[in-house]
Amino acid sequence: MTVHHQRRSRLREALSEDVRGVFVTRDLASVRYLTGFSGSNAAVVIGTDEAHLITDGRYREQAHHESPDVAAVIDRDVVGALRGLSAGRKIALDDRTPVGMAQQLTEAGLAVRAVADPVAPLRMVKDTQELDALSRAGGISARALEQVADTIAVGDREADIARRLEAAFAEWGADDRAFATIVASGENSALPHHRAGDRPLATGDLLVIDCGAKVDGYHADMTRTFVVGAEPSEWQHEIHSLVLQAQQAARDAVAPEVVAGDIDAAAREPITHAGFGEAFAHGTGHGVGLEIHEQPMLSARSSAVLPEHAVVTVEPGIYLPGRGGVRIEDTVVVAHAPQVLTEMQRGLTRVG
Ligand code: ZN
Ligand code: ZN
């Protein structure tokens with residue numbers, strides 16, 4: 001029995017009685033999770049004891065190769081294919097499916113109901129194969145960042161560093177980058193969502209690098225902060241040690257059955273206590289897997305309970321507009337002895 005077959009069995013068990021007839025998802029990450037298929041156009045249909053993958057002619061070979069234990073339906077007309085497969089039964093569509101799809105099905109005379117995405121809770125708990133891919137993605141990210149950090153010099157442009165890092169991911173065996181690499185220097189480091197631009201690194205800059213490699217569809221996510229061409233100044237050292245303390249507290253709080261909001265609170269406590277609460281204006285972390293952001297969210301309001309073998313990021317930060325910022329992020333497996341997948345030293349080290 002393949003791992004995908006096992007996942008589909010777990011999904012069937014999780015579906016309520018009335019949804020068990022025909023469940024359909026077009027979410028590509030869920031399609032890949034349930035069938036192994038990684039093409040860009042697909043729907044998966046899960047019946048009581050059969051599974052179908054609908055895709056178009058471009059993917060005929062790939063569907064057979066990646067999803068040998070699922071019946072492939074090669075049809076550009078997804079609605080028509082679904083009409084044939086549902087054979088009058090009511091279709092349960094996960095609520096992440098684009099609204100237009102439900103409308104098309106209804107207009108074609110099919111009975112449709114939206115259900116809360118039943119795949120997301122399953123995807124939250126990673127199986128051995130997923131943990132292995134995430135572990136490789138995390139290891140590659142950390143080794144590549146260590147390697148590139150050694151090459152950084154005053155005058156380098158942010159975008160050049162991002163390119164070098166992404167090339168290093170490939171050299172270390174990644175399939176791709178997990179997301180557009182963030183390299184934020186000087187005042188840009190105070191912008192949590194800055195990407196990587198033309199700014200040349202200057203002596204004394206804080207430098208935030210947020211990056212990740214992708215392996216077999218699985219994403220890693222890590223951030224380290226450096227100081228460029230000089231020893232850290234007092235204020236840089238102060239905010240960095242607070243963020244490090246916050247990140248360690250949050251990492252220590254990660255355990256099975258813990259409420260996500262409590263991990264956020266653990267990260268926030270030392271930062272707020274030191275008077276920088278307002279300067280930590282984003283959530284503490286998020287789940288990672290086949291998507292870079294997935295359940296569970298580690299935010300103040302989150303009542304999600306962390307299951308064993310969820311994989312989450314822990315990424316507090318302090319951002320001082322016009323001056324600079326610090327973020328430290330790791331990807332961590334939730335377990336009684338939590339495992340950090342992006343192991344690399346976290347101190348405020350000098351580069352350049
Ligand atoms: Zn990140
Ligand atoms: Zn992140």
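The preceding data block contains the structure.
For the structure given in this document, a descriptive report is provided here. (Residues numbered from 1 in each chain as written. Chains lettered and ligands numbered in written order. Predicted model: local features only at pLDDT ≥ 70, side-chain atom pairs only at ≥ 80, totals over all residues. Heavy atoms only, no water.)

**Here's the deal with the pattern of salt bridges**
Here the idea is simple: oppositely charged side chains can pair when their charged atoms come close. Under the counting rule described, the total for this entry stands at 25 salt bridges. Of the charged contacts in the structure, one is a salt bridge between Arg-10 and Asp-127, with a shortest N-O distance of 4.0 Å. Pair noted here: Arg-10 is in helix α1 (residues 3–14) and Asp-127 is in the loop between α6 (119–124) and α7 (128–149), with a separation of 117 residues, a long-range link. Linking Asp-160 and Arg-163 is a salt bridge whose minimum nitrogen-to-oxygen distance equals 2.7 Å. (Salt bridge = Lys/Arg side-chain N within 4 Å of Asp/Glu carboxyl O. Helix = DSSP H or I, 4+ residues; strand = E, 2+ residues; numbered from the N terminus.)

**Concerning the packing of aromatic side chains**
Overall, the coordinates contain one aromatic pair when judged by the stated rule. Consider the rings of Phe-37 and Tyr-59, whose centres lie 5.5 Å apart with planes at 90 degrees: the pair is edge-to-face. With a gap of 22 residues between them, Phe-37 in the loop between α2 (28–35) and β2 (43–47) and Tyr-59 in the loop between β3 (51–55) and α3 (60–66) connect regions that are remote in the sequence. Positioned above the aromatic ring of Trp-235 is the side chain of Arg-323, whose terminal nitrogen or guanidinium carbon lies 4.3 Å from the ring centre. (Phe/Tyr/Trp six-rings, centres within 6.5 Å; stacked < 30°, edge-to-face > 60°. Lys NZ or Arg CZ within 6 Å of the ring centre and 35° of its normal.)

**Regarding the side chain of Ser-299**
Tracing the chain through its elements places Ser-299 in the loop between β14 (294–298) and β15 (311–314). What Ser-299 contacts, discounting residues up to four positions off in sequence, is Ala-260, Gly-261 and Asp-264. (Contact = heavy atoms within 4.5 Å.)

**A closer look at the coordination of the zinc ion (ligand 2)**
Within the protein, Asp-221 (OD), His-286 (NE2), Glu-315 (OE) and Glu-329 (OE) serve as the donor atoms for the zinc ion (ligand 2), at 2.1 to 2.2 Å. Here the zinc ion (ligand 2) is ringed by four donor atoms whose angles at the metal span 76 to 151 degrees, and the overall shape comes out irregular. (Donors = N, O, S within 2.8 Å, 3.2 Å for Na, K, Ca; no water. Tetrahedral: all angles 85-135°; square planar, octahedral: opposite > 155°, others 65-115°.)

**Quick notes on the packing of α7 against helix α8 (residues 158–171)**
Where α7 contacts α8, the two axes come as close as 9 Å, and the packing angle between them is 130 degrees. The orientation of α7 relative to α8 falls into the category oblique. In terms of crossing hand, the pair formed by α7 and α8 is right-handed. Counted together, Ile-140, Ser-141, Ala-144, Leu-145, Gln-147 and Val-148 of α7 and Ile-161, Arg-164, Leu-165, Ala-168, Phe-169 and Glu-171 of α8 form the full contact between these two elements. Of the residues contributing to the contact of α7 with α8, the split by class is eight nonpolar, two polar and two charged. (Axes fitted to C-alpha atoms, helices over the stretch in contact; angles between N-to-C directions. Parallel < 35°, antiparallel > 145°, perpendicular 65-115°, else oblique. Left-handed = near helix turned anticlockwise from the far one by under 90°. Nonpolar A, V, L, I, M, F, W, Y, C, P; charged D, E, K, R; others polar.)

**A word on the sheet that holds strand β5 (residues 91–94)**
Strand order across the open sheet formed by six strands is β4-β3-β2-β1-β5-β6, with mixed pairing between neighbours. Edge positions in the sheet fall to β4 (71–74) and β6 (112–115), since each has one partner strand and no second. The mean angle between the axes of side-by-side strands here comes to 25 degrees, regardless of whether they run parallel or antiparallel. The pairing of β5 with β6 spans four bridges and is parallel. Paired with Ile-91 across the strands is Val-112, a residue of β6. Seen against the sheet, α1 touches β1 (22–25), β2 and β3 and runs at an angle of roughly 60 degrees to β2. (Pairing = 2+ DSSP bridges.)

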